Amino acid sequence: MMILLYVVLAIVGIIILLALIAPKTYNVSRSIVIDKPVAEVFDYLKYVKNQDEWSPWKKKDPNMKQEFTGTDGEVGFISRWEGNKEVGTGEQEIVSINENKSIYSQLRFYKPWKSQSDAYLKVRHNGNGTSEVIWGFSGINTPPSNIFFLFFNMDKTVGKDFEQGLKDLKRILEAK
């Protein structure tokens, strides 16, 4: 019986140790230069519904159910989705718009697991009528679920999706 107790205590100790050393926060972002002026790029980006044209997740489930509340392109607009296992279920709410500079959203995921992240799209003048778009998100990993991030590289996995989405965004905007 004592051996079992020692084993349980060792497992609990390992879990506590891993939770202490595992990352507590994350921030993933990618950028791209688009051959269009800031105002034109920003005007396209502030409408969440436009993400259907370039979002890598829309491509992973083109049949996802979507529902919208509020006025797109304005603070308070909410886009809800329910998709396959690759996209899950969640919602995105515009929480801040700084004209021709940034759009901040709150992402709330419900499936496959509950989490919340702060997403952003930033645009800045890059010279000669071009714009740099920075797309990213950040959040907090709470213990003990943060242990998962010792074995999962969020930057590599989500970053790859951001890169593809930004390439598609560039293609769409430069074709206009």
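1. Some points on the pattern of salt bridges
Side chains bearing opposite charge may pair, as long as their charged atoms lie close to each other.
Then step 1. By the definition in use, this model includes 13 salt bridges.
Then step 2. Residues E91 and R80 are paired through a salt bridge, measuring 2.9 Å at the closest nitrogen-oxygen approach. Separated by eleven residues along the polypeptide, E91 in strand β4 (residues 89-98) and R80 in strand β3 (residues 78-82) bring together distant segments of the chain.
Then step 3. Relative accessible area serves as the criterion here: at 9%, E91 is assigned to the buried category.
Then step 4. What makes R80 partly exposed here is its relative accessible area of 29%.
Then step 5. Each of the salt bridges in this network shares a partner with another, and the network as a whole consists of E67, R80, E91, E93 and R108.

2. Regarding the layout of surface pockets
If you roll a probe as big as a water molecule over the atoms, it shows you where there is empty space left.
Then step 1. Estimates place the volume of the largest pocket at around 1,200 Å³.
Then step 2. Along its surface, the largest pocket is lined by 50 residues, and W57, V87, L107, F109 and F137 are the ones closest to its centre.
Then step 3. Only α3 (51-54), α4 (56-60), β2 (65-69), β3, β5 (102-111), β6 (115-127), β7 (130-140) and α5 (154-175) provide two or more residues apiece to the lining of the largest pocket.
Then step 4. Here the lining of the largest pocket gets six residues from one element, more than from any other, and that element is β6.
Then step 5. Tallied by class, the residues present in the lining of the largest pocket amount to 26 nonpolar, 15 polar and nine charged.

3. Some remarks on the sheet that holds strand β1 (residues 25-34)
Then step 1. A sheet is described by the order of its strands in space; here seven strands give the open sequence β1-β7-β6-β5-β4-β3-β2, paired in antiparallel fashion. Where the open sheet ends on each side, the last strands, each with one partner, are β1 and β2. Direction aside, the axes of adjacent strands within the sheet are offset by 20 degrees on average.
Then step 2. The pairing of β3 with β4 spans five bridges and is antiparallel. Along β4, the bridge assignment pairs R80 with E91.
Then step 3. Along the sheet, helix α2 (residues 38-45) makes contact with β1, β4, β5, β6 and β7, crossing β6 at roughly 160 degrees.
Then step 4. Against the sheet, α5 touches β1 and β7, its axis set at about 25 degrees to β1.

4. Here we look at α5
Then step 1. Counted at 1.5 Å a residue, the expected span for α5 with its 22 residues is 32 Å, and the 31 Å between its end C-alpha atoms agrees.
Then step 2. The set of residues buried in α5 consists of M154, V158, G159, D161, F162, G165, L166, D168, L169, I172 and L173.
Then step 3. Tucked into the core, α5 has its buried residues touching β1, α2, α3, α4 and β7.

5. Here's the deal with the environment of L121
Then step 1. Counting through the fold element by element, L121 comes out in strand β6.
Then step 2. Taking relative accessible area as the criterion, L121 reaches 6% and is therefore assigned buried.
Then step 3. For the pair L121 and K101, spaced 20 residues apart in sequence, the C-alpha separation works out to 8.4 Å.
Then step 4. Excluding residues that lie within four positions of it along the chain, L121 makes contacts with L45, Q51, W54, K101, S102, I103, V133, I134 and W135.

6. Things to note about a nonpolar patch on the surface
Then step 1. Side chains of M1, L4, V8, V12 and I16 sit close together on the surface and give an oily, nonpolar patch of about 530 Å² of accessible area.
Then step 2. With respect to the secondary-structure elements, V12 resides in helix α1 (residues 2-21).

Calculation criteria
- Residues numbered from 1 in each chain as written.
- Predicted model: local features only at pLDDT ≥ 70, side-chain atom pairs only at ≥ 80, totals over all residues.
- Heavy atoms only, no water.
- Salt bridge = Lys/Arg side-chain N within 4 Å of Asp/Glu carboxyl O.
- Helix = DSSP H or I, 4+ residues; strand = E, 2+ residues; numbered from the N terminus.
- Buried < 20%, exposed > 50% of the residue type's maximum accessible area, 1.4 Å probe, protein only.
- 1 Å grid on protein atoms, 1.4 Å probe; cavity = no way out; pocket = protein on both sides within 12 Å on 5 of 7 lines; lining within 4 Å.
- Points joined across faces, edges and corners; volume = space filled by probe spheres on them.
- Nonpolar A, V, L, I, M, F, W, Y, C, P; charged D, E, K, R; others polar.
- Pairing = 2+ DSSP bridges.
- Axes fitted to C-alpha atoms, helices over the stretch in contact; angles between N-to-C directions.
- Contact = heavy atoms within 4.5 Å.
- Expected span 1.5 Å × (residues − 1).
- Patch = residues over 30% accessible without salt bridge, like charges linked within 9 Å, V, L, I, M, F, W, Y side chains within 5 Å.
- Areas by Shrake-Rupley, 256 points an atom, 1.4 Å probe, with all protein chains shown as cover.

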